[in-house]
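Fold and contact review
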Amino acid sequence: MTEVVVDHAEGAVVPVHALRDSELAGFLEGRQAFVKAFAELSDFKAKAGQVLVVPDTAGGIDRVLLGLGAAGDAQGFRVLAARLPAGDYRIASAPAEIAADQIALAFALGSYRFDRYKKKGDKQPRLVAAEGVDVAEVRSIAHACALARDMVNTPAGDMGPLQIETIAREIAEQYGAQVTVVTGEGLLEANYPAVHAVGRAATPERAPRMIEITWGAADNPLVALVGKGVVFDTGGLDIKPSAGMRNMKKDMGGAAHALALGRMVMAAGLPVRLAILLPVVENAISGDAMRPGDVLGSRKGLTIEVGNTDAEGRLILADALTRAAELEPALTIDLATLTGAARMALGPQLPPYYTDDEELAAQIEAAAAAVADPLWRMPLWKGYADSLDSDVADLKNDSDAWAQAGSVTAALFLQKFAPSGPWVHLDIFAWNPRGRPGWPSGGEAQSIRALYAMLAGRYA
């Protein structure tokens, strides 16, 4: 990732003034007449996302005005990286309550480009960070978010189970962590039967696997990060329609996010013992694919009736969460691109999360607000629990139609396997369906900045 946030300039530095719409008139009154006239001619109203590049008399740039609308937050600064020409810029003025480090991070996030398969583009603008900003920390978080986005954006042909394992090993090596991987038929011997069942239909070179990374001092509180790693989801024998399958390269977004969050934690050296648990499979179709009506075993010993082969993510997470419980974590976080129902409820920009731990929920809410990484708490509504009852097994993976709330019932399914201590499940989308400046269409890092801030506050 190109370094777009720096601590020094290479030449002239252009000032940027970030304004809420209520502040515009007062700002212009104190400026040269040509600045006010140019803003009026350009119909600059300081609306959210408006960027005005004010020229100087020598053909360069005198200053830049950024609109934040009525109540813009730090993420509004992402647009600068997409709209400004190459050069060095600094924030000359901004609302006092928006932290300088969050502005710098937003600029870095807005500069993201997925260009693996394209000719490399032109030079990008750079932000000279304000004094006191920890540029290394900003880069660390931005690089981790870019990793998650790159993994989600990469086609499944180039991001299979082996590639995710390779990335996990590279991260572990970088930070001195340990890695264990169980693959293929070894999953049965190691008691990961649900992971094996979902992934066994794939070709041998794309065999399912369970990846476990451990890092940190053994006497620190253990944080378990669990990520759904379905590298491509056909839906299995309950095959998806072509439109539903088009973006299923992103169904490993939970694993990508768990790796990215783990990388943030390790890079910062947070005083925790970290376990990253990644069940990685391809939900393929072959003569060996699991069938609707099959009854699967699980690591916990509960039997699961397969009502729908397209509800496979919760099956592999069941085994991984059971493994997490064996480690007796102080906190468990699972991330998964799990249900379309979450999008129906909250849309693509607002991931729901589920927890019964009030203290944890309060910490997540505070962190999400502080770093402008939105989340929305949803209920683990026990009234829907019996929609998972099965006539032939301990439970089933698809809830009865009467319950309707598909994201809630998926969370209730996972809760049956989650560790007994503090646990939170995030049903992320990991995708921007609509491209806009600062938010290009494609893979997006969701919730991990908030989770990292929560972890830093909880354990620092």
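Residues numbered from 1 in each chain as written. Predicted model: local features only at pLDDT ≥ 70, side-chain atom pairs only at ≥ 80, totals over all residues. Heavy atoms only, no water.

1. A few points about the overall build of the protein
Where we set the bar: Secondary structure is summarised from DSSP: a helix means a run of H or I of at least four residues, a strand means a run of E of at least two, and numbering begins at the N terminus for each. Throughout, radius of gyration means the C-alpha value; the globule benchmark is 2.2 Å times the number of residues raised to the power 0.38. Partly exposed residues are those whose accessible area sits between 20% and 50% of the maximum for their type, while under 20% is buried and over 50% is exposed, using a 1.4 Å probe and protein chains only. Between two residues, a contact is recorded if the distance between any of their heavy atoms is within 4.5 Å. Only the protein chains shown count as cover for residues, with accessible areas throughout obtained via the Shrake-Rupley method and a probe of 1.4 Å. Charged residues are defined narrowly, with Lys and Arg counted positive, Asp and Glu counted negative, and His plus the chain ends left uncounted. We put the charge of a Lys on NZ, of an Arg on CZ, of an Asp on CG and of a Glu on CD.
Secondary structure assignment for the protein yields 15 helices and 20 strands. Relative to a compact globule of 460 residues, whose C-alpha radius of gyration would be 23 Å, the protein shows 24 Å and is just as compact. For the protein, the spread of C-alpha atoms along the three principal axes comes to 80 × 45 × 45 Å. Expressed as a percentage of the 460 residues in the protein, the buried residues total 55%. Put simply, 75% of the contacts in the protein that link residues at least 6 apart link residues at least 24 apart. For the protein, the accessible area works out to roughly 18,400 Å², and carbon and sulfur atoms hold 52% of it. Here the protein contributes 43 positively and 56 negatively charged side chains, and the mean placements of these two sets differ by 6 Å.

2. Regarding the environment of A130
Looking at the secondary structure, you find A130 in the loop between β6 (126-128) and α5 (135-153). By relative accessible area, which is 42% here, A130 ends up partly exposed. A C-alpha to C-alpha distance of 32 Å links A130 and V152, two positions 22 residues apart in sequence.

3. Comments concerning a nonpolar patch on the surface
The line we're drawing: Patches here are clusters of residues that have more than 30% relative accessible area and form no salt bridge, with a 9 Å joining cutoff for like charges and a 5 Å cutoff for nonpolar side chains (Val, Leu, Ile, Met, Phe, Trp, Tyr). In what follows, salt bridge is the name for a side-chain nitrogen of Lys or Arg lying within 4 Å of a carboxyl oxygen of Asp or Glu.
Taken together, the side chains of L237, I239 and I285 define a hydrophobic patch exposed on the protein surface, amounting to about 260 Å² of accessible area. Structurally, the position occupied by I285 is in the loop between β11 (273-283) and β12 (295-296).

4. Considering the packing of α5 against helix α15 (residues 448-459)
What counts is decided by this rule: Between the N-to-C directions of two axes lies an angle of 0 to 180 degrees, each axis being a line fitted to C-alpha atoms and, for a helix, fitted only over the stretch in contact. By definition in this entry, angles of less than 35 degrees are roughly parallel, angles greater than 145 are roughly antiparallel, angles of 65 to 115 are roughly perpendicular, and the rest are oblique. Left-handed describes a crossing whose near helix is turned anticlockwise from the far helix through less than a right angle; right-handed describes the clockwise counterpart. Only Asp, Glu, Lys and Arg are considered charged, only Ala, Val, Leu, Ile, Met, Phe, Trp, Tyr, Cys and Pro nonpolar, and every remaining residue, Gly among them, polar.
At a closest axis distance of 11 Å, the pairing of α5 and α15 adopts a crossing angle of 135 degrees. Here α5 lies oblique to α15, going by the angle between them. In the crossing of α5 with α15, the sense of the turn from one axis to the other is right-handed. Residue-level contacts link E137, I141 and C145 of α5 to I448, R449 and Y452 of α15. Here the residues of the contact of α5 with α15 sort into four nonpolar, no polar and two charged.

5. Things to note about the sheet that holds β12
So the rule is basically this: Any two strands with at least two DSSP bridges between them are considered paired.
Spatially, the three strands line up as an open sheet ordered β12-β13-β17, and their pairing is mixed. Since the sheet does not close on itself, it has two edges, and those belong to β12 and β17 (395-396), each with one partner. By the bridge criterion, two bridges tie β12 to strand β13 (residues 304-305) in an arrangement that is antiparallel. What sits directly across from L296, in β13, is I304.

6. Here's the deal with the packing of aromatic side chains
Rules: When two rings of Phe, Tyr or Trp (its six-membered ring) have centres within 6.5 Å they constitute a pair, described as stacked for plane angles under 30 degrees, edge-to-face for angles over 60, and tilted for the intermediate range. Counting as a charge over the ring demands two things of the Lys NZ or Arg CZ atom: a distance within 6 Å of the ring centre and an angle within 35 degrees of the ring normal.
Counting across every chain of the model gives three aromatic pairs. Aromatic pair F413 and F417: ring centres 5.3 Å apart, planes at 40 degrees, arrangement tilted. The same class applies to F413 as to F417, namely buried. Directly above the ring of Y192 sits R299, whose terminal nitrogen or CZ lies 4.2 Å from the centroid. Over the ring of W439 we find R436; its NZ or CZ atom is 4.5 Å from the centre of that ring.

7. Quick word on the packing of helix α11 (residues 313-326) against helix α14 (residues 406-415)
Following both chains from N to C, one finds α11 and α14 inclined at 30 degrees, their axes separated by 9 Å at the closest point. Compared by their axis directions, α11 and α14 come out roughly parallel. Two packed elements cross with a definite hand, and for α11 against α14 that hand is right-handed. For the pair α11 and α14, contact is made by R314, L315, L317, A318 and L321 and by A410, F413 and L414, respectively. Looking at the contact of α11 with α14, its residues break down into seven nonpolar, no polar and one charged.

8. Regarding the environment of P437
Its location among the elements puts P437 in the loop between β19 (431-432) and β20 (442-443). Residue class for P437 comes out partly exposed when judged on its relative accessible area of 33%. A sequence separation of 343 residues divides P437 from A94, and the C-alpha atoms of the two residues are 20 Å apart. If sequence neighbours within four positions are ignored, P437 has contacts with V79, A82 and R83.

9. Regarding the side chain of E165
As for its position among the elements, E165 is in helix α6 (residues 161-175). Leave out the neighbours within four places in its chain, and E165 touches V181, R209 and I211.

10. With respect to the sheet that holds strand β3 (residues 51-55)
What the six strands build is an open sheet, ordered β1-β6-β5-β2-β4-β3; its pairing is mixed. Sheet topology places β1 (5-6) and β3 at the edges, where each strand pairs with a single neighbour. Pairing of strand β5 (residues 88-93) with β6 involves two bridges; the strand directions are parallel. Following the sheet pairing, D88 is matched in β6 by R126. Here helix α2 (residues 33-41) sits on the sheet and contacts β3 and β4 (61-67); the angle it forms with β3, its principal contact strand, is near 135 degrees. Against the sheet, helix α4 (residues 100-110) touches β1, β5 and β6, its axis set at about 170 degrees to β6.

11. Brief notes about α4
Most of α4 is tucked away: nine of the eleven residues are buried. Taken residue by residue, α4 has Q102, I103, A104, L105, A106, F107, A108, L109 and G110 as its buried positions.

12. Comments concerning the confidence of the model for the protein
For the record, the criterion: In predicted models, pLDDT denotes the confidence assigned by the predictor to each residue on a 0 to 100 scale.
Residues of the protein with pLDDT of at least 70 account for 100%, and the chain-wide mean is 97. No element of the protein has a lower mean pLDDT than α2, which averages 93, and none a higher one than strand β14 (residues 331-336), which averages 99.

13. Considerations on the side chain of T339
How we decide: Residues adjacent in sequence count toward polar contacts only when both atoms are side-chain atoms; beyond that, a polar contact is any pair of N or O atoms within 3.5 Å, and within protein one must be able to donate a hydrogen and the other to accept it.
Looking at the element boundaries, T339 is found in the loop between β14 and α12 (340-346). By relative accessible area, which is 10% here, T339 ends up buried. Reaching out from T339, the side chain makes a polar contact with the backbone nitrogen of A342 at a distance of 3.1 Å. Filtering out sequence-adjacent residues up to four positions away, T339 remains in contact with R314, G406, S407, A410 and D427.

14. Here we look at unusual backbone geometry
If you check the backbone angles, A46 has positive phi at about 60 degrees while not being a glycine. Its location among the elements puts A46 in the loop between α2 and β3. Its identity is not glycine, yet Q404 carries a phi of approximately 65 degrees, on the positive side. Here Q404 lies in the loop between β17 and α14.

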